[in-house]
Each structure stands twice: as C-alpha cells, then as structure tokens.
Amino acid sequence: MTGRIYNILFLCTGNSARSILAEAIMNKLGHGRFRAFSAGSQPKGAVHPYALDLLQNLHHDMTGLRSKSWDEFAAPEAPQMDFVFTVCDNAAAEVCPVWPGQPMSAHWGIPDPAAAEGTEAQRRYAFTEAYRLLGNRIGIFLSLPLKAIDELSLQRKLDEIGRMTDRSTDSAA
C-alpha cells in the first residue's frame, strides 16, 4: 500500500451542485488516499442550498466547499492534479486550461440537479439521484487497486521522459 495521496479535480460549468457533491463524496470515501477539489468554468459564486442540505444530512464535512473558478487550479501554485473528471456535458465540451502535471481525465456526465423542475420534493430528489450516481462512480473508481493507479502514474513519468529536450536530459545525467 502506498502512502501517496492522489489529487482529483471535479469540473462542472457552475460549480454549484454536481462537482461540489463529487468533491464531498470523494473526500469522505477516499479519505487518506484521495483529496478532492471542485471548480467551474463559469462558477455561480454559491453552492446550491439543496446540495448543502443533502451533504449536511449525510454527515459530510462541508469545510471549504465553495463555488470557484477552474482558473485557481491552473495556476502554478495550485495543487498538482492526478485526475480531472468533468461531471457535466457543458464542461466536457469546453476548452479546459492546461493542468499542471498532465493529469488523467475522464467525463462522468450526469443530469444537472440544479436544472430540475417540479415540486420541491422532485427537485430535492434530483440532488439525491445525482449524489447516488456520483457515489456509484466514485465507489467504482476507489475500488481500483492503488497499484494500478501507481502504474498509470509510472506511465505518465515514462511519457514525460520521452518529451524531454536535449538540454533537460543533459542536466538530468
């Protein structure tokens, strides 16, 4: 077992619901092995109240949950991500910043609970369903053996070696 903690960034356009839910789920289920963050291309500036209610009712740590721009994670001083997952189709279709470290990425799109219509119960159910879908995907991801993830990191390092310029290989020797 490795002592490494992997950083994961969940992206959605508004960063008010799906990506926030995914961040909270990953931080709870992956505690000690994974550290999750979330961001949006056009953040709403506030977390949806139904998302906060659901997370509080399910006893998630909500410390630090806020709607923020993905620009925070493209900056040189940002934590280096190992994985970046888009959870909405709009964010998946956008041109993302170049993430330091070239993390692995995937699209885990699910319906936007914040766009749900109907009664309050129906709208809250949409958040519960988004939580369930994200929890299932995160659970499957967490069931991957860490050794397999380490091998994927090794592949990335090998790829980086292949991209080195002559000047950088001279200084490495």
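What counts as what
- Residues numbered from 1 in each chain as written.
- Predicted model: local features only at pLDDT ≥ 70, side-chain atom pairs only at ≥ 80, totals over all residues.
- Heavy atoms only, no water.
- pLDDT = per-residue confidence, 0-100.
- Helix = DSSP H or I, 4+ residues; strand = E, 2+ residues; numbered from the N terminus.
- Phe/Tyr/Trp six-rings, centres within 6.5 Å; stacked < 30°, edge-to-face > 60°.
- Buried < 20%, exposed > 50% of the residue type's maximum accessible area, 1.4 Å probe, protein only.
- Pairing = 2+ DSSP bridges.
- Axes fitted to C-alpha atoms, helices over the stretch in contact; angles between N-to-C directions.
- Contact = heavy atoms within 4.5 Å.

Enquirer: Could you give an account of the confidence of the model for the protein chain, with specific residues and numbers?
Expert: Of the residues in the protein chain, 86% have a pLDDT of 70 or more, and the chain-wide mean is 86. When the elements of the protein chain are averaged for pLDDT, helix α6 (residues 166–172) gives the smallest value, 50, and helix α2 (residues 49–57) the largest, 98.

Enquirer: Give me the packing of aromatic side chains: which residues, what numbers.
Expert: All chains considered together, the criterion is met by 12 aromatic pairs. An angle of 65° between the planes, with centres 6.2 Å apart, marks the rings of W108 and F141 as edge-to-face. Highlighted residues: W108 in the loop between β4 (104–107) and α4 (120–142) and F141 in helix α4, separated in sequence by 33 residues. Here the two residues W108 and F141 agree in accessibility, since each one is buried.

Enquirer: Requested: an account of the sheet that holds strand β2 (residues 34–40), with residues and values cited.
Expert: As a general point, the strands of a sheet are linked pairwise by backbone hydrogen bonds and lie either parallel or antiparallel. Reading across the sheet, the four strands line up as β2-β1-β3-β4 and stay open at both edges, with parallel pairing between neighbours. On the outer flanks of this sheet lie β2 and β4, each paired with one strand and no other. On average, adjacent strands in this sheet sit at an angle of 20° to one another, irrespective of strand direction. Judged from the four bridges that link them, strand β3 (residues 83–86) and β4 form a sheet pairing that is parallel. Its bridge partner lying in β4, T86 is registered against H107. Together, β1 (6–12) and β2 form the strand contacts of helix α1 (residues 18–29), whose direction differs from that of β2 by roughly 170°.

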